[in-house]
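Coordinate analysis (summary)
Below are the chains, spelled out letter by letter.
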Number of protein chains: 2
Amino acid sequence: MREMTKKSLSEAFAGESQAHMRYLIFAQKAREEGFENVARLFEAIAFAEFVHARNHLEALELVGETKENLQTAINGETFEVDEMYPAYNAIAELQNEGRAKRSIRYALEAEKIHAALYSKAKQAVEEGKDVEVGDIYICEVCGYTSESLPDRCPICGATKDKFKKF
Amino acid sequence: MREMTKKSLSEAFAGESQAHMRYLIFAQKAREEGFENVARLFEAIAFAEFVHARNHLEALELVGETKENLQTAINGETFEVDEMYPAYNAIAELQNEGRAKRSIRYALEAEKIHAALYSKAKQAVEEGKDVEVGDIYICEVCGYTSESLPDRCPICGATKDKFKKF
Ligand SMILES: [Fe+2]
Ligand SMILES: [Fe+2]
Ligand SMILES: [Fe+2]
Ligand SMILES: [Fe+2]
Ligand SMILES: [Fe+2]
Ligand SMILES: [Fe+2]
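One structure accompanies this document, and this report is about it. (Residues numbered from 1 in each chain as written. Chains lettered and ligands numbered in written order. Predicted model: local features only at pLDDT ≥ 70, side-chain atom pairs only at ≥ 80, totals over all residues. Heavy atoms only, no water.)

A look at the sheet that holds strand 3 (residues 163–165) of chain A
- With respect to topology, three strands assemble into an open sheet ordered 2-1-3 (chain A), the strand pairing being antiparallel. Since the sheet does not close on itself, it has two edges, and those belong to strand 2 (145–146) and strand 3 of chain A, each with one partner.
- The pairing of strand 1 (residues 137–139) of chain A with strand 3 of chain A spans three bridges and is antiparallel. Residue C139 of chain A lies in a different strand from strand 3 of chain A, and its bridge partner there is F163 of chain A.
- Helix-sheet contacts for helix 2 (residues 36–59) of chain B involve strand 1, strand 2 and strand 3 of chain A, and the interaxial angle to strand 1 of chain A is about 0°. (Pairing = 2+ DSSP bridges. Helix = DSSP H or I, 4+ residues; strand = E, 2+ residues; numbered from the N terminus. Contact = heavy atoms within 4.5 Å. Axes fitted to C-alpha atoms, helices over the stretch in contact; angles between N-to-C directions.)

Shown next as structure tokens:
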């Protein structure tokens, strides 16, 4: 694929991903306000944006086999832990932006765990096996990720009822 | 919020949204390959990235009331229909990139419908009512969005079993 077409599709993937995300967030908000049909409309269209994003990523030949996809995931998480969030945190510290600092810290703590879990999964898949992992718990407040359900979230202090099980 | 912190959080929102999207796509691929636990791990971590993206967007004060969120959605869809996809399509035409052209056309056709559905929803919410909308059907191949289930997708030709109902 030629470079400018590739650039277009990469930008379109970024745009579709952000539209998808906004609509999921707006759906939660609509449901809170009692607009159930609007919430469902946001969720349906979020799924359409998923289809668009997937088609763009496939056209870019960036969906590989699971072994490769896990390496892509590890690379992304590692970049966030080693460079991206520490850099953004330095800016938020300098500018004394408390809410941004918290949002950045919450993410950084979880990304470390994500990198480790994906590494474990990659090892299994390279041996031709599925990864051995039980229930996975995600804190709905900060995104903390754990293989067991804590009494309180060690990152944000949320109680155990705030965890979603996968 | 100061400008450079805002820029950081905006970039972090873009990064989290794309990580979330990649993991959903990689989960489908892992399930196809028989790695059910890896698929579940991708889905769990995709949810953690949703939490991070939502926290960043809230810190940026870009989550409003539903009325405002619908206007944000309309603006995004209208930009995609009027400018973004036509521009990307012109590049793909020029460079004769067939797969990109298809992926772009699929998206463009759906975005027109999204803009109309969100406009209808906004009108209702401005009158203090939920929008009147029945089941919504999304084509899993191209993202075509419809209030009724067609025999075949008018955009990509997929059969009706390829539609997901919301
Ligand atoms: Fe789209
Ligand atoms: Fe992560
Ligand atoms: Fe937490
Ligand atoms: Fe994240
Ligand atoms: Fe759309
Ligand atoms: Fe279709």
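And the narrative resumes.
Quick look at the sheet that holds strand 1 (residues 137–139) of chain B
- Pairing is antiparallel in the open sheet, where three strands are placed in the order 2-1-3 (chain B). Looking at strand neighbours, the two that pair on one side only are strand 2 (145–146) and strand 3 (163–165) of chain B, the edges of this open sheet.
- Relative to the sheet, helix 2 (residues 36–59) of chain A contacts strand 1, strand 2 and strand 3 of chain B, its axis offset from that of strand 1 of chain B by approximately 0°.

Re the coordination of the iron ion (ligand 4)
- At 2.0 to 2.4 Å from the iron ion (ligand 4) lie its protein donor atoms, namely E111 of chain A (OE), E16 of chain B (OE), E16 of chain B (OE), E49 of chain B (OE) and H52 of chain B (ND1).
- Distance-wise, the iron ion (ligand 2) is placed 3.9 Å from the iron ion (ligand 4), both being coordinated by E111 of chain A. Here E16 of chain B, found in helix 1 (residues 3–32), pairs with E49 of chain B, found in helix 2; they are 33 residues apart in sequence, far enough to count as distant. The burial state of E16 of chain B is the same as that of E49 of chain B; both residues are buried. (Donors = N, O, S within 2.8 Å, 3.2 Å for Na, K, Ca; no water. Buried < 20%, exposed > 50% of the residue type's maximum accessible area, 1.4 Å probe, protein only.)

Description of the relation of the copies chain B and chain A
- Screw-axis analysis of chain B against chain A gives a translation of 0.0 Å along the axis, an RMSD of 0.0 Å, and a rotation angle of 180°. What the superposition gives is, in effect, a two-fold axis relating one chain to the other. Looking at the rotation axis and the C-alpha trace of chain B, the residue lying nearest is S17 of chain B, at 2.7 Å. (Least-squares fit on C-alpha atoms with pLDDT ≥ 70 in both.)

Some thoughts on the coordination of the iron ion (ligand 6)
Residue and element names in this part refer to chain B.
- Ligation of the iron ion (ligand 6) by protein atoms is provided by C139 (SG), C142 (SG), C153 (SG) and C156 (SG), these donors lying 2.3 Å from the ion.
- One way to put it: the four donor atoms around the iron ion (ligand 6) meet at angles of 101 to 117°, and that makes the site tetrahedral.
- Donor residues binding the iron ion (ligand 6) come from one chain and are separated in sequence as C-x2-C-x10-C-x2-C. Of this pair, C142 sits in the loop between strand 1 and strand 2 while C153 sits in the loop between strand 2 and strand 3; the two residues are eleven residues apart in sequence, bridging distant segments of the chain. (Tetrahedral: all angles 85-135°; square planar, octahedral: opposite > 155°, others 65-115°.)

With respect to the packing of aromatic side chains
- The full count for this structure, using the stated rule, is 16 aromatic pairs over all chains.
- Ring geometry for F47 of chain B against F50 of chain B: centres 5.8 Å apart, planes inclined by 20°, an arrangement best described as stacked. Of the two residues, F47 of chain B and F50 of chain B both sit in helix 2, three residues apart, roughly one turn of that helix.
- When its relative accessible area of 13% is taken as the criterion, F47 of chain B is described as buried.
- Chaining the aromatic ring pairs together yields one cluster made of Y23, F26 and F42 of chain A together with Y118 of chain B.
- The ring of F47 of chain B has K164 of chain A lying over it, and the distance from NZ or CZ to the ring centre is 4.5 Å. (Phe/Tyr/Trp six-rings, centres within 6.5 Å; stacked < 30°, edge-to-face > 60°. Lys NZ or Arg CZ within 6 Å of the ring centre and 35° of its normal.)

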